[in-house]
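Analysis of the macromolecular model
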Amino acid sequence: MGWLHFLETKDELKHIFGRGINANTSKDEEKLFNKSYEAFEAKDILLAYEYFLKSLINYSDDKSNENVIIKRKKDTLSFEIYQGSAIIRGTVTKETLNAETILCKKSSAHVALKRLILERNYQFTYAYYFSDDEYIKLKLSLNNSTMSPQKVFFPLREIALNADFDKEYTKSEFLDIPIEEISHLKALSQEELSLKYDFMHRWIDEINVKIASLPSNDHAGMESFILLYLLFKIDYMLVPKYTIFKKSTKKIQEYFSEENLSVEAKNDELREYIGELQEMSFDEFRENFYDAKYTFNPTDKASTEEIDIFITESLSKIRWYKNNRYSQIIPTMYKYIAMYILYNYGLHQVTKELLHTLVEIQNPSFFKELGYTPLYDEENQVFSKRAIISKVDTIITTNKGRFKKLKSFGDKLNFSSLNELNNSFYLQLKNLNYEEI
């Protein structure tokens with residue numbers, strides 16, 4: 001039993017996984033958005049903003065996460081939006097919206113940071129940095145004369161996502177500059193941090209053994225899948241912040257964008273960075289974690305066609321490896337698909353929850369140590385078939401009210417082996433129909 005065994009029921013445990021919002025939108029999200037549109041049309045500006053901001057509130061177990069705080073007065077509406085390390089505070093009148101968030105104290109910023117801030121201002125569409133007597137802040141100003149929910153959403157998303165990113169970047173890149181207004185961040189327990197540190201080392205040891213077992217000739221592509229899978233896995237399952245997140249992101253981006261380097265050279269870069277993670281002390285490791293509230297997803301929602309194409313192409317690669325008898329890479333490839341999608345795409349909540357269920361099946365020891373009931377017995381190669389089918393059915397049925405053509409597929413999964421389960425799961429994901437009726 002995992003270290004969280006003292007809680008009442010393991011199935012009720014909640015942990016943060018991945019970079020997206022780990023919560024559900026309001027059941028009335030669409031209705032609130034439409035009411036906001038109608039209120040803007042009627043020039044009832046404060047009511048329109050109130051409806052819109054309420055549509056951004058997310059929930060866990062039907063309880064508000066208070067990621068958006070709204071206070072309405074007669075002629076003004078004030079709000080707070082939480083996005084990771086950043087808090088965006090704003091005021092709305094009939095004429096304008098003004099919002100801002102603090103990065104650091106003006107007195108602590110040196111030339112390098114100020115130069116970066118000036119460059120960042122050219123990258124924004126709506127927001128901009130400025131300084132008052134005490135702080136450097138990111139600010140947003142909107143005119144409400146021709147406002148609509150769509151015109152509000154993207155500016156607020158821009159200031160929230162970039163404020164969070166820039167605070168994390170400053171914390172990682174400028175160690176002598178304290179970032180401000182982070183008392184809302186929650187520290188992880190010593191037990192959870194120790195568990196994550198131990199699993200990171202276990203995973204690194206596992207991939208080193210797997211890479212050593214690859215054929216001596218022409219294995220660079222297989223090694224890439226193994227190395228990238230590890231970085232995706234650390235990001236999704238451990239959810240590091242600050243320096244680990246920044247460096248991991250940079251290494252992954254360089255791998256996929258650098259066209260002048262060979263695959264072997266790219267692999268060397270990934271191995272070198274993974275070696276740094278392996279040598280990292282626990283005290284340094286623990287400084288890269290916190291829990292926080294989030295309002296906006298960092299990636300735009302991908303179309304179902306994009307996801308389908310990636311799954312189809314990936315399964316085709318697996319067939320190639322199978323036909324050419326590179327069987328040792330196939331289990332990693334199946335796991336790579338889920339992690340790649342979760343890392344790179346903004347997902348429909350149903351797809352995200354289904355993929356997370358698959359990740360639970362693929363990584364039973366990690367989730368068992370976190371305190372969850374394992375869905376797969378690795379040693380005996382036995383599935384918790386009833387629990388898996390129930391999870392899939394629940395995810396689908398709770399969303400059929402809006403998406404009538406969604407069909408559960410738990411009973412169509414192939415439980416003869418983990419590889420077959422993975423394959424059948426991805427094929428069923430390709431059949432999901434999100435058409436609204």
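Provided above is the structure to which this section pertains.
Overview of the structure.

Rules and cut-offs
- Residues numbered from 1 in each chain as written.
- Predicted model: local features only at pLDDT ≥ 70, side-chain atom pairs only at ≥ 80, totals over all residues.
- Heavy atoms only, no water.
- Helix = DSSP H or I, 4+ residues; strand = E, 2+ residues; numbered from the N terminus.
- Rg over C-alpha atoms; globule rule 2.2 N^0.38 Å.
- Buried < 20%, exposed > 50% of the residue type's maximum accessible area, 1.4 Å probe, protein only.
- Contact = heavy atoms within 4.5 Å.
- Areas by Shrake-Rupley, 256 points an atom, 1.4 Å probe, with all protein chains shown as cover.
- Lys, Arg positive; Asp, Glu negative; His and termini not counted.
- Charge placed at Lys NZ, Arg CZ, Asp CG, Glu CD.
- Expected span 1.5 Å × (residues − 1).
- Pairing = 2+ DSSP bridges.
- Axes fitted to C-alpha atoms, helices over the stretch in contact; angles between N-to-C directions.

Right, let's talk about the overall build of the protein chain for a bit. A count of helical and extended segments in the protein chain gives 15 helices and eleven strands. In terms of overall size, the protein chain behaves like a compact globule, its C-alpha atoms giving a radius of gyration of 23 Å where 437 residues would be expected to give roughly 22 Å. Considering only C-alpha atoms, the protein chain reaches an extent of 70 × 55 × 50 Å along its principal axes. A burial count over the protein chain gives 49% of its 437 residues as buried. The long-range fraction of contacts in the protein chain, counting pairs at least 24 apart against all pairs at least 6 apart in sequence, stands at 70%. Counting every atom, the protein chain has about 22300 Å² of accessible surface; 48% of that belongs to carbon and sulfur. Computed over 58 positive and 66 negative side-chain charges, the inter-centroid distance for the protein chain is 4 Å.

Between its terminal C-alpha atoms helix H12 (residues 349-362) stretches 20 Å, which fits the 20 Å expected from 14 residues at 1.5 Å a residue. With twelve of its 14 residues buried, H12 lies for the most part within the structure. Buried within H12 we find Val350, Thr351, Lys352, Leu354, Leu355, His356, Thr357, Leu358, Val359, Glu360, Ile361 and Gln362.

Turning our attention to the sheet that holds strand S4 (residues 68-72). Within the open sheet, the six strands sit side by side as S4-S5-S6-S7-S9-S8. Their pairing is antiparallel. Either end of the sheet is taken by a strand with one partner, and the two such strands are S4 and strand S8 (128-131). Strand-to-strand twist across the sheet, computed as the mean angle between neighbouring axes with direction ignored, equals 25 degrees. Where strand S5 (residues 77-83) meets strand S6 (residues 86-92), seven bridges bridge the pair, whose relative direction is antiparallel. Its bridge partner lying in S6, Leu77 is registered against Val92. On top of the sheet, helix H2 (residues 45-55) reaches S4, S5, S6, strand S7 (96-105) and strand S9 (135-143); it is set at about 160 degrees to S4, its chief contact. Sitting on the sheet, helix H3 (residues 111-121) touches S7, S8 and S9, and the angle it makes with S8 is about 140 degrees.

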